[in-house]
Amino acid sequence: MNNVDSDGGEDGAYHAKGNSKYSPVGAQDRAVFEMTSMDPDSSSDDSNRRVNVRTHESMDGRQHQLELFGFDSLVNILGLQSMTQEQVLSPSSTRVASISKGGPNPEKMGTLMGVFVPCLQSILGIIYYIRFSWIIGMAGVADSLLLVSLCGLCTFLTGLSLSAIATNGAMKGGGPYYLIGRALGPEVGVSIGLCFFLGNAVAGALYVLGAVETFLKALPSAGFFTETTTKVNGTVSKSITTISTHDLQIYGLVVTIILCIIVFGGVKMINRVAPVFLVPVLISVLFIFIGIFKAKKNDPENGITGLNIESLKDNWDPQYQNTNSDGIPDPYGKVHWDFNALVGLFFPAVTGIMAGSNRSASLKDTQRSIPLGTLSATIVTTVLYLVSVFLFGAVATREKLLMDRVLTATIAWPLPIIVRIGIILSTLGAALQSLTGAPRLLAAIANDDILPVLNYFRVADGSEPNMATLFTAIICMGCVIIGNLDLITPTVTMFFLLCYTGVNLSCLLLDLLDAPSWRPRWKFHHWLLSLLGALLCVVIMFLISWLFTIVSLALASLIYYYVSIKGKAGDWGDGFKSAYFQLALRSLRSLGANQVHPKNWYPIPLIFCRPWGKLPENVPCHPKLADFANCMKKKGRGMSLFVNILDGDYQERAEDAKEACKQLETYINYKSCEGVAEIVIAPNMTDGFRGIVQTMGLGNLKPNILVVRYPEIWRRENLKEIPARFVGIINDCIVANKAVVIVKGLDEWPNEYQRQYGTIDLYWIVRDGGLMLLLSQLLLTKESFESCKIQVFCIAEEDSDAEVLKADVKKFLYDLRMQAEVIVITIKSWDSEGGSQQDESLEAFNAARKRVSSYLAEIKDTAKREGTPLIADGKNVVVDEQQVEKFLYTTLKLNSTILRYSRMAAVVLVSLPPPPLNRPAYCYMEYMDLLVDNVQRLLMVRGYRRDVVTLFT
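### Description of a nonpolar patch on the surface
Stage number 1. A surface patch of nonpolar side chains, amounting to about 650 Å² of accessible area, comprises Val538, Phe542, Trp546, Leu547, Ile550, Val551 and Leu553.
Stage number 2. Counting only elements with at least two residues in the nonpolar patch, the list comes to helix H20 (527-544) and helix H21 (546-566).
Stage number 3. Turning to its location among the elements, Val538 is positioned in helix H20.
Stage number 4. According to the relative accessible area criterion, Val538 is partly exposed, its value standing at 32%.

### Focus on the confidence of the model for the chain
Stage number 1. Residues of the chain with pLDDT of at least 70 account for 77%, and the chain-wide mean is 78.
Stage number 2. Across the chain, helix H6 (residues 132-166) holds the top mean pLDDT of 93, while helix H2 (residues 30-35) sits lowest at 34.
Stage number 3. Within the model, the stretch residues 1-65 combines pLDDT values under 50 with 146 contacts to residues more than four positions away or in other chains.
Stage number 4. Under a pLDDT of 50 for its full length, residues 86-105 has, in the predicted model, 36 contacts with residues more than four places off or in other chains.

### Quick notes on the packing of helix H11 (residues 278-293) against helix H14 (residues 366-395)
Stage number 1. Two elements in contact, H11 and H14, have axes separated by 10 Å at closest approach and are oriented at 35 degrees. Crossing geometry of H11 relative to H14 is assigned as left-handed. Here Val285, Ile288, Phe289, Ile292 and Phe293 of H11 come into contact with H14, specifically with Leu384, Val387, Ser388, Leu391, Phe392 and Val395.
Stage number 2. Here the contact of H11 with H14 is built from residues that sort into ten nonpolar, one polar and no charged.

### A short note on helix H33 (residues 921-932)
Stage number 1. The terminal C-alpha atoms of H33, which comprises twelve residues, lie 17 Å apart, in line with the 16 Å expected from a rise of 1.5 Å per residue.
Stage number 2. Among the twelve residues of H33, twelve are classified as buried, and the element is accordingly described as predominantly covered.
Stage number 3. Along H33, the positions that sit buried rather than exposed are Ala921, Tyr922, Cys923, Tyr924, Met925, Glu926, Tyr927, Met928, Asp929, Leu930, Leu931 and Val932.
Stage number 4. The positive-phi residue at the C-terminal boundary of H33 is Asn934, with phi of around 65 degrees.

### With respect to the sheet that holds strand E14 (residues 821-826)
Stage number 1. Taken together, the ten strands give an open sheet; going across it, the order is E9-E8-E7-E10-E11-E18-E17-E12-E13-E14, and neighbouring strands pair in mixed fashion. Bordering the open sheet on either side are strand E9 (675-682) and E14, each of which pairs with just one other strand. Adjacent strand axes in the sheet meet at a mean angle of 20 degrees when their direction is disregarded.
Stage number 2. Its contacts with the sheet put helix H26 (residues 685-695) on strand E7 (605-608), strand E8 (640-647), E9 and strand E10 (705-709), and the angle it makes with E8 is roughly 150 degrees.

What counts and what doesn't
Residues numbered from 1 in each chain as written. Predicted model: local features only at pLDDT ≥ 70, side-chain atom pairs only at ≥ 80, totals over all residues. Heavy atoms only, no water. Patch = residues over 30% accessible without salt bridge, like charges linked within 9 Å, V, L, I, M, F, W, Y side chains within 5 Å. Areas by Shrake-Rupley, 256 points an atom, 1.4 Å probe, with all protein chains shown as cover. Salt bridge = Lys/Arg side-chain N within 4 Å of Asp/Glu carboxyl O. Helix = DSSP H or I, 4+ residues; strand = E, 2+ residues; numbered from the N terminus. Buried < 20%, exposed > 50% of the residue type's maximum accessible area, 1.4 Å probe, protein only. pLDDT = per-residue confidence, 0-100. Contact = heavy atoms within 4.5 Å. Axes fitted to C-alpha atoms, helices over the stretch in contact; angles between N-to-C directions. Left-handed = near helix turned anticlockwise from the far one by under 90°. Nonpolar A, V, L, I, M, F, W, Y, C, P; charged D, E, K, R; others polar. Expected span 1.5 Å × (residues − 1). Pairing = 2+ DSSP bridges.

Following this line, the structure appears as structure tokens:
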């Protein structure tokens, strides 16, 4: 579908290697040889893309082929493969995504193990076990509820934005980096992606230190250095044993090295073992809740009061104070805790919602699993935290909450040791996930070839990112050497919040732009929610530390600036490009004259108002053309160009043109259509139209679709000049690389108040870059067609091919977020179809054949009499009566099929065959008349060899 010649060989390889029964047409095939002149844009390489349609017997016993539509004739929806490839353009070369090679596919995961379990494991971890009760003691129950609600709301809103973006197409590896980069551009994507990588690397150190601290708490004798004592409040003689920082550093480095060795061993073993770590976590949480309900009451020695309303009241209000570096209350301590500081300490407890999106390449169905698994894990853990606030606040005294850093293990029943084991295993599992995900994130950024300095971390497909893993291990060990959990968590928080802000801003921009490609399956999103989520992330960042916020934003800005200067360009169809498109002049400067990415593609119809005359002079345009033009836009967005041509001399008719332009503008305003009126003066209609096609519009704001009414009056009014004019318009659009939409039955086209029911039927015969599919989706956005359903009719050769073809098309439509019923018609069934539809079409076929025979006999007699070559429409033509017969037979079968299945359809869309070059225009008009015969409302669509839809987000 794309005009990139380099994919021709791959397409050919695809047909050759696969088990498909659709064999390619060879370059020397007679059908290809005969039809070569039909499309001026074709090249010799295109022959590899042709699909052979086996011959079948006609009613008179001769063989025919489905040749009318030229090279693009479709049996297996040709080239679904080429539309499943994302194309990334670099300054030095055109980079086309490679086609996935054959062989056994890796095992895919579902929602539970692929998203829910990793998210739950990442969210429910070290903070809950060894910091949450302390936070409640410091902030009180009231402020703790506010803290959990604030952080939970932030991640929930981010989850909604993530769900919307992730369900707007297929996802590749890279997780949130891939989503942000494709929505906000490579510069923003790389800058936030690198910060998110650092956050994951630092988070690995956070989990390692948590596991080591829990181990040393459970087994103090394992420490190598002398334990210190701290006097509580400076006066109480009771001493508190603390863990030496050096022990944390030594054990932390050892554990980090062991985990890195496991990571170097391969990701398959990690993916199999990691879910097992969740089982002790769930068992330990169960033991904690059992212990809370079975706790002793009125036991002043250990501070456990059991569930007591008095304890809840005593712990309700906050008691912020100074502590030493180990979190022990001390009026002379150097660390002061308040609500803002606790936000920075607690927020890592709600991070981890990206764990599912990080596994996007390993999921069976990303568009279902990511929203369901991520939001479910977020809601479950938030509810768990809120319930735990009340339970911890009512089960112990404030002193116990502040002094016992492992209260969860102290209170657990019947085996407190299980909680400590659960803490260690959960934190080690989370650390393993961080040390596994962070290198792959860095490798994904490097593989996009945006930042040359990251080329050292590039890896081949299927290879392990060893260099990225080594770099991640160095960062993780550096943070472990710091040895203080409470100093590391704010750093992790900033990087995660920066990533969440990027996700929310991405969804906000895409929602506001609302391009035709923005059709996420996840419907529960709104730009206001994304804006609230982004603002909430920024507010939390400043609540934690304005200094850390400025530093993290400055770091991201420096990376952004570096990428914009040193990085290579990448056209990912990001939202900013779409914004530029809507801002006209800035769009022209930004997009230039390059091909618009399918995600940013907008239909810009060129409405040909009076090509066939026969309208009153005071009527500037057909009354229904503006209604149809509005149907080609999503929510009215987009520009239409209404043009008309006046015959004559420019100097003589300049005033007439101004007056006609005013009338046309009045008509456009009356129809509430966003468009521009243009009147062109030319010696004749053909020259005027060619001037319009070449010069109308600026840059990427040039019209890309010609909309014209089908000349149904030409035979009735005996307008002999119309066939040549009609064929000339289509050929000019093909040469100018513009799509064509011809409307038959425009008089019956509904306005915005006339609701239609039934179906919108697509006869997808020609590869058109998805234009026909997109037009059907745009029709559904209008009130007049919103009650209709889409049916896609495809043509297969054999009955055995039908089910394979149907499954391929259904999967393709699913990935495009398009709801449609797929119906496969086999060529063999054409001759066996009976009924009034075939008889009705056969009558029109016989009449057309007689008229064509008479016409050809007439021009042959004229040429013989005058001794000249065959001349029609003022030029030499070639007549192949056998080919004419084949084309008539093809249109007969298509017409009978349409009447059989779509007589009651609200509108029918069918591919428009290109006019054969150097053939009489009269014959082509007969083909078209036979094709549209007795069809009430029909759109004939021809794309322009560029993709207008894409599978990727």
